[in-house]
Amino acid sequence: MEIRFGLGIRARLAAGAAAAKGGVEAARLFIDRHTLASFGRDTPRAGGRILCYHSVGQPRWGINDVGVRRFHRQIESALDAGYRFVPAAQLARTGGGPRDLSITFDDGPRSILTTAAPILASYGIPFSVFVVSGWSEDGLGGDALSWADVSRLAELGADIGNHSATHPDFSRIDKERALHEIGDAEELIAKRTGIRTTSFAIPWGQSRNWPADAHQAAQELGYDVIYAQAEQTRVPGTVARTFVTRVDSPRVFDALLRGRYDRWEEWTWRLPAR
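Note that this is a predicted model, so its numbers are computed, not measured.

Parameters and conventions
- Residues numbered from 1 in each chain as written.
- Predicted model: local features only at pLDDT ≥ 70, side-chain atom pairs only at ≥ 80, totals over all residues.
- Heavy atoms only, no water.
- Salt bridge = Lys/Arg side-chain N within 4 Å of Asp/Glu carboxyl O.
- Helix = DSSP H or I, 4+ residues; strand = E, 2+ residues; numbered from the N terminus.
- Buried < 20%, exposed > 50% of the residue type's maximum accessible area, 1.4 Å probe, protein only.
- Contact = heavy atoms within 4.5 Å.
- Polar contact = N/O pair within 3.5 Å; in protein donor to acceptor, adjacent residues only side chain to side chain.
- Axes fitted to C-alpha atoms, helices over the stretch in contact; angles between N-to-C directions.
- Parallel < 35°, antiparallel > 145°, perpendicular 65-115°, else oblique.
- Nonpolar A, V, L, I, M, F, W, Y, C, P; charged D, E, K, R; others polar.

1. A word on the pattern of salt bridges
If you walk through the whole model with that rule in mind, you get 21 salt bridges. Asp-100 is the salt-bridge partner of Arg-84, the closest N and O atoms lying 2.5 Å from each other. On the criterion of sequence distance, the pair formed by Arg-84 in strand 4 (residues 84-85) and Asp-100 in strand 5 (residues 100-107) is long-range, its members being 16 residues apart. Of the residues examined, Asp-100 reaches a relative accessible area of 6% and is grouped as buried. Between Arg-196 and Glu-186 there is a salt bridge; the shortest N-O distance is 3.0 Å. Here Arg-196, found in the loop between helix 7 (175-193) and strand 8 (199-201), pairs with Glu-186, found in helix 7; they are 10 residues apart in sequence, far enough to count as distant. The network of salt bridges with common partners includes Asp-42, Asp-254, Arg-258 and Arg-260.

2. Examining the side chain of Asp-262
Here Asp-262 shows up in the segment after helix 9 (250-257). Owing to a relative accessible area of 2%, Asp-262 belongs among the buried residues under this scheme. In this view, Asp-262 contacts Thr-43, Arg-45, Arg-49, Glu-231, Gln-232, Thr-233 and Thr-242; residues no more than four positions away in its chain are not counted.

3. A few points about the side chain of Asp-106
Considering the arrangement of structural elements, one finds Asp-106 in strand 5. Given the relative accessible area of 0%, Asp-106 is considered buried. In terms of polar contacts, Asp-106 uses its side chain to reach the side chain of Arg-241, at 2.8 Å. Here Asp-106 is in contact with Cys-52, Tyr-53, His-54, Phe-130, His-163, Ala-201, Gln-229 and Arg-241, once residues within four sequence places are set aside.

4. Side note on the packing of helix 4 (residues 111-123) against helix 6 (residues 147-155)
Interaxial distance between helix 4 and helix 6 falls to 10 Å at its minimum, and their mutual angle equals 25°. Viewed along their axes, helix 4 and helix 6 adopt a mutual orientation that is roughly parallel. Contacts from Ile-112, Leu-113 and Ala-117 in helix 4 reach Asp-149, Arg-152 and Leu-153 in helix 6. Residues that form the contact of helix 4 with helix 6 fall into these classes: 4 nonpolar, no polar and 2 charged.

Right, dumping it as structure tokens:
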């Protein structure tokens with residue numbers, strides 16, 4: 001017997017499953033981050049640190065969203081601690097010094113333009129934005145940067161990079177599709193904005209999300225600067241970045257700057273591949 005779902009029941013079940021998934025991930029993230037803030041080890045470093053943000057004050061981005069007041073406070077605490085903010089490309093090329101920080105944003109949520117950019121401009125801080133071309137094309141109901149928004153960010157001095165066409169887990173696709181994900185995104189960004197991207201940020205960004213054939217695909221397309229979303233556990237040949245999360249209180253952010261998460265990878269609940 002086939003069971004048919006009506007009256008939005010299927011949508012409500014899907015929403016409930018998503019909420020449960022988000023709750024588990026958020027709880028695990030909170031425990032991980034606060035435990036390591038208390039008991040983790042500092043990691044001395046010779047070079048700079050590139051911070052990986054997503055949205056600012058856009059709660060629908062879930063654990064990736066950092067509140068506006070918290071974002072302000074993180075910048076001020078870093079400046080008070082003697083850090084200086086430099087372009088991510090500078091650290092990717094030279095490594096920088098131990099008091100150098102860079103700010104990058106993944107996914108292209110609209111709050112990068114409406115909220116984060118004005119805050120960063122008030123401090124004179126440079127930043128990079130990695131765009132998912134399909135999301136900017138679609139708009140996600142106003143949640144994603146439009147192409148006009150992307151162009152405006154570039155006018156404001158942001159470095160625009162490639163974050164794929166649809167944000168797949170590259171470990172679940174073959175090399176041919178990887179070439180399309182990266183190459184099609186590059187072409188659409190150029191077509192809509194006139195910007196030719198030269199750097200790529202890995203969707204999800206953990207070591208398990210970037211197999212060798214994906215790395216080869218990116219290199220074949222001319223990308224030699226490939227940003228991860230992890231530090232010591234990243235795939236060789238990628239540029240380290242430190243993930244900043246929704247639960248990063250001032251104590252956690254201080255631990256982050258001291259390297260207590262450099263051996264940590266984000267834990268996420270993945271549905272089986274189809």
